[in-house]
Amino acid sequence: MTSLFQPYQLGGLTLPNRVVMAPMTRVRAAAGGLATPSMATYYAQRATAGLIVTEGVQPNLIGQSNPGTPGLHTDEQQESWRQVTDAVHLNGGRIFAQLMHGGRVSHPDTTGLQPVGPSAVPATGEVFTPTGPQAAPVPRALETSEVPEQARSYADAARRAVDAGFDGVELHGANGYLISQFLSSDANLRTDGYGGSVAHRIRFAVEAVAATVDAVGAARTGIRLSPGGTFWGVHETEVTELYTALLGELARLEVAYVHLEATTDEEVLVQLRRAWPGTLVMNPALPMGPKQVGRSEADHWLDLGAELISFGRAFIANPDLVERLRTGVPIAPVDEATWYQGGDAGYLTYPTYRYSA
């Protein structure tokens, strides 16, 4: 049986265990989308993870979804991340930047720009803005000639990430953001080569990944996906066919890993595991669900063929999560009120477990 604590070779990286820290929005960036010393401390505290994937980082200004999130599209932003990558590496860790283009999940009050998407269809619900939640606006549908520029934004940010010391990048292709919007059959109503059929709906994702692979190499490129997820009102038809086709293209590009969320039936997820010949990172928790997963869920997915297991909420309150999983000591609960409030409380203030000598 595969153990959660066995090493794993991910491209050129040797991971000391199979625990991945999942990306989680914490909205602690400074003005201008800059990473901060507190962010460096936060990630360094969790460097015992086999791999850390950061919070979503916008690859361009129009891709910013929430206020207070960091970017990787200016020289200042790039330089600000160096303190984070240096701190993680000094503590013996490995770290990928998650590149997240919000697409229609944004607001002019946040960016000063009208959001863009595959079609002029607003997201369901309210989006965060500097003055509080507001109804999601109608995005501007990208012209066919504009789509490649947005795909290349991931590659441009990936170059900056590697120059800032990151070990690689993960494209956020999940949770109703831009790549997910193109995969959708209701957020994407296009009739050109980027909409309609399965082959056309996966095209934007493939082009974004291909550009990133060209920029920084396949071994430094991963992607996160949420098959069948309904975040922000997206819906997908032909889920198994859609993702099987996408995984086939990703296999051709030989990306470092695919990171799946448990957003559809286990039977479908197992089919996708069989369709994907490379490294699978599995997140067993429903992203918006109440359950905090632990060792049993991880072992279950290792038995089903995943190579790596990602944990999200458990890492917020447990900087020493790997050791807690290893020893079986309790996983501390997280205070949800501090997730997005800013400041160091509920960010840097969770203690490690006091192990007896």
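Here is a short report on the structure shown in this document. The residue count restarts for each chain, going from 1 along the sequence in the order it is written. A pLDDT threshold of at least 70 governs which residues receive local features in this predicted model, and a stricter bar of 80 or more applies before side-chain atom pairs are shown or counted, although totals over entire chains, interfaces and linings include all residues. Side-chain numbers here rest on the full set of heavy atoms in the structure, without hydrogens or water.

1. A look at the overall build of the chain
(1) Moving on: For the chain, the helix and strand inventory stands at 12 helices and 14 strands.
(2) Moving on: For the chain, the C-alpha radius of gyration of 19 Å lies close to 21 Å, the compact-globule estimate for 357 residues.
(3) Moving on: Considering only C-alpha atoms, the chain reaches an extent of 65 × 45 × 35 Å along its principal axes.
(4) Moving on: The buried share of the chain, reckoned over its 357 residues, is 59%.
(5) Moving on: Residues are treated as being in contact if the distance between any of their heavy atoms lies within 4.5 Å. Across the chain, every contact between residues at least 6 apart in sequence was considered, and the portion connecting residues at least 24 apart equals 70%.
(6) Moving on: Carbon together with sulfur atoms contributes 52% to the accessible area of the chain, which is approximately 13,500 Å² in total. Runs of E in the DSSP output that reach at least two residues are strands. Runs of H or I that reach at least four are helices, and both are numbered from the N terminus. Our radius of gyration looks at C-alpha atoms and nothing else; its globule reference is 2.2 Å times the residue count to the power 0.38. Only protein chains enter the area calculation, which uses a 1.4 Å probe; residues under 20% of their type maximum are buried, those over 50% are exposed, and those in between are partly exposed. The Shrake-Rupley method, run with a 1.4 Å probe, gives the accessible areas here. Residue values count only the displayed protein chains as cover.

2. Description of the side chain of Thr221
(1) Moving on: Positionally, Thr221 belongs in strand β11 (residues 221–225).
(2) Moving on: Assessed through its relative accessible area of 0%, Thr221 is described here as buried.
(3) Moving on: Residues adjacent in sequence count toward polar contacts only when both atoms are side-chain atoms; beyond that, a polar contact is any pair of N or O atoms within 3.5 Å, and within protein one must be able to donate a hydrogen and the other to accept it. Of the polar contacts made by the side chain of Thr221, one reaches the backbone oxygen of Gly217; its length is 2.9 Å.
(4) Moving on: Apart from residues no more than four positions distant in its own chain, Thr221 is found in contact with Val169, Leu171, Val209, Thr212, Val213, Val216, Val255, Ala256 and Tyr257.

3. Some remarks on the pattern of salt bridges
(1) Moving on: In the sections that follow, a salt bridge refers to a side-chain nitrogen of Lys or Arg positioned within 4 Å of a carboxyl oxygen of Asp or Glu. Under the criterion given, the structure shown has 13 salt bridges.
(2) Moving on: Among the ionic pairs, Arg203 bridges to Glu207, the shortest N-O distance being 2.9 Å. Placement of both Arg203 and Glu207 in helix α7 (residues 203–216) is noted, with a separation of four residues, approximately one turn of the helix.
(3) Moving on: For Arg203, a relative accessible area of 33% puts it in the partly exposed group.
(4) Moving on: The class for Glu207 is partly exposed, based on a relative accessible area of 26%.

4. Digging into the pairing of strand β10 (residues 168–172)
(1) Moving on: Along β10, five of the five residues are buried, which leaves the element largely enclosed by surrounding structure.
(2) Moving on: Burial along β10 is two-sided: the residues Gly168, Glu170 and His172 and Val169 and Leu171 are all buried.
(3) Moving on: Where β10 meets β11, four bridges bridge the pair, whose relative direction is parallel. Within β11, the position partnered with His172 by the bridge is Arg224. Pairing between strands requires that DSSP locate at least two bridges from one strand to the other.

5. Topic: the packing of aromatic side chains
(1) Moving on: Only Phe, Tyr and Trp rings are paired, with Trp represented by its six-membered ring, and only when their centres lie within 6.5 Å; those with planes under 30 degrees apart are stacked, over 60 edge-to-face, the remainder tilted. Summed over the entire model, instances satisfying the criterion amount to nine aromatic pairs.
(2) Moving on: Ring centres of Phe182 and Tyr194 lie 6.2 Å apart, and the angle between their planes is 70°; on these two criteria the pair is classed as edge-to-face. Note that Phe182 is positioned in helix α5 (residues 178–183) and Tyr194 in the loop between α5 and α6 (198–201), a separation of 12 residues in sequence. Tyr194 matches Phe182 in its accessibility class, with the two residues each being buried.
(3) Moving on: Among the aromatic side chains, those forming a connected cluster through ring pairs are Tyr154, Phe182, Tyr194 and Phe204.
(4) Moving on: Here Arg203 stacks its cationic end above the ring of Tyr194, 4.0 Å away from the centre of that ring. Two limits define a charge over a ring: the Lys NZ or Arg CZ must be within 6 Å of the ring centre, and within 35 degrees of the ring normal.

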